[in-house]
Protein chains: 2
Amino acid sequence: MKAKAVLYHAGCSVCVSAEQQFAAALDPAKFDVEVVNFADAPDRIAEAEKAGVVSVPAFVINGAPFHINFGASMADLKGVA
Amino acid sequence: MKAKAVLYHAGCSVCVSAEQQFAAALDPAKFDVEVVNFADAPDRIAEAEKAGVVSVPAFVINGAPFHINFGASMADLKGVA
């Protein structure tokens, strides 16, 4: 069974770099990769925070958050998303 | 041709989590993944810094650094490695 990997981002340049390099890098045989841009889906911020995401871009893989570099904090996003 | 992906880490718990989840997650058809533990290879700290790594764990993929969460700063490592 494939694991779920969600990349949360906010469209920033750091995020786009992570998306292009990492989302495409995961083994498609092991992961179903979903990319969530909070600019398009602000209603999913709560779900990301619940998984432990404190900044974007970040992956949640098997329920664990992995923050990739630093684009923006979730606190800042909630002010603009 | 496969791209080179190097995961630099220092054996900390955050690093091990990143190694287990991420190094195994990359598509083996696209990447040759190398895992470098500075505890075993302190001579490779300079190479990581040159690629832009400022903390571990971090991947360098196609020459670009991607820091995964935060385990330890390179400055701290240079004091102990």
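Q: Before we go on, may I ask you to explain the interface of chain B and chain A in this structure?
A: Accessible area lost when the parts come together is the quantity often used to give the size of an interface. In this assembly, 19 residues from chain B lie in contact with 19 residues from chain A. With both sides pooled, the region where chain B packs onto chain A buries about 1600 Å², and carbon together with sulfur makes up 57% of that total. Here chain B and chain A share 10 residue pairs in polar contact (both at pLDDT 80 or more) between them. Broken down by secondary-structure element, the contributors of at least two residues to the side of chain B that touches chain A are helix H1 (13-23), strand E3 (55-61) and strand E4 (64-73) of chain B. If you tally residues by element for the side of chain B that touches chain A, the top one is E4(B), at 5 residues. Of the residues that constitute the side of chain B that touches chain A, the class distribution is 12 nonpolar, 5 polar and 2 charged.

Q: What is the right way to read the pairing of E4(B) from this model?
A: On a regular strand, each side chain points to the face opposite its neighbour's, so the side chains alternate between the two faces of the sheet. Residue and element names in this part refer to chain B. Pairing of E3 with E4, which is carried by 6 bridges, proceeds in the antiparallel orientation. By the bridge assignment for E4, Ala 58 is matched with His 67. Following E3, the chain reverses through 2 residues before pairing antiparallel with E4; Asn 62 in that reversal takes a positive phi of roughly 50°.

Q: Would you take a moment to explain the nonpolar core for this structure?
A: Where a protein is soluble and globular, its nonpolar side chains tend to be buried together. Among the nonpolar cores identified, the biggest contains 26 residues, and Phe22(A), Phe59(A), Phe22(B) and Phe59(B) are the most heavily contacted of them. Within the residue set of this core, elements represented by two or more residues are strand E1 (3-9), helix H1 (13-23), strand E3 (55-61) and strand E4 (64-73) of chain A together with strand E1 (3-9), H1, E3 and E4 of chain B.

Q: Sorry, what's going on with the packing of aromatic side chains here?
A: Applying the stated rule across the entire model yields 9 aromatic pairs over all chains. Centroid distance Tyr8(A) to Phe38(A): 5.6 Å. Interplanar angle 15°. Geometry classified as stacked. Here Tyr8(A), found in strand E1, pairs with Phe38(A), found in the loop between strand E2 (31-37) and helix H2 (45-50); they are 30 residues apart in sequence, far enough to count as distant. For the residue pair Tyr8(A) and Phe38(A), the accessibility class agrees, reading buried in each case. Residues Phe66(A) and Phe22(B) carry aromatic rings whose centres are separated by 5.1 Å and whose planes lie at 85° to one another, so their mutual orientation is edge-to-face. In this pair, Phe66(A) is assigned in strand E4 and Phe22(B) in helix H1, connecting two distinct chains. One aromatic cluster is present, built from ring pairs that chain together Phe22(A), Phe59(A), Phe66(A), Phe22(B), Phe59(B) and Phe66(B).

Q: Just to check I follow, could you spell out the pattern of salt bridges for this structure?
A: A side chain of one charge can pair with a side chain of the opposite charge when the charged atoms of the two come close. The tally for this structure, following the rule as stated, stands at 10 salt bridges over all chains. Ionic pairing is found between Glu49(A) and Lys78(A), a salt bridge with its closest N-O pair at 2.9 Å. Of this pair, Glu49(A) sits in helix H2 while Lys78(A) is found in helix H3 (residues 74-80), placing the two residues 29 residues apart along the sequence. Residue Arg44(B) is joined to Glu34(B) by a salt bridge in which the shortest nitrogen-to-oxygen separation is 2.6 Å.

The rules behind the values
- Residues numbered from 1 in each chain as written.
- Chains lettered and ligands numbered in written order.
- Predicted model: local features only at pLDDT ≥ 70, side-chain atom pairs only at ≥ 80, totals over all residues.
- Heavy atoms only, no water.
- Contact = heavy atoms within 4.5 Å.
- Buried area = accessible area lost by both parts, 1.4 Å probe.
- Polar contact = N/O pair within 3.5 Å; in protein donor to acceptor, adjacent residues only side chain to side chain.
- Helix = DSSP H or I, 4+ residues; strand = E, 2+ residues; numbered from the N terminus.
- Nonpolar A, V, L, I, M, F, W, Y, C, P; charged D, E, K, R; others polar.
- Pairing = 2+ DSSP bridges.
- Core = buried A, V, L, I, M, F, W, Y, C linked by side-chain atoms within 4.5 Å.
- Buried < 20%, exposed > 50% of the residue type's maximum accessible area, 1.4 Å probe, protein only.
- Phe/Tyr/Trp six-rings, centres within 6.5 Å; stacked < 30°, edge-to-face > 60°.
- Salt bridge = Lys/Arg side-chain N within 4 Å of Asp/Glu carboxyl O.

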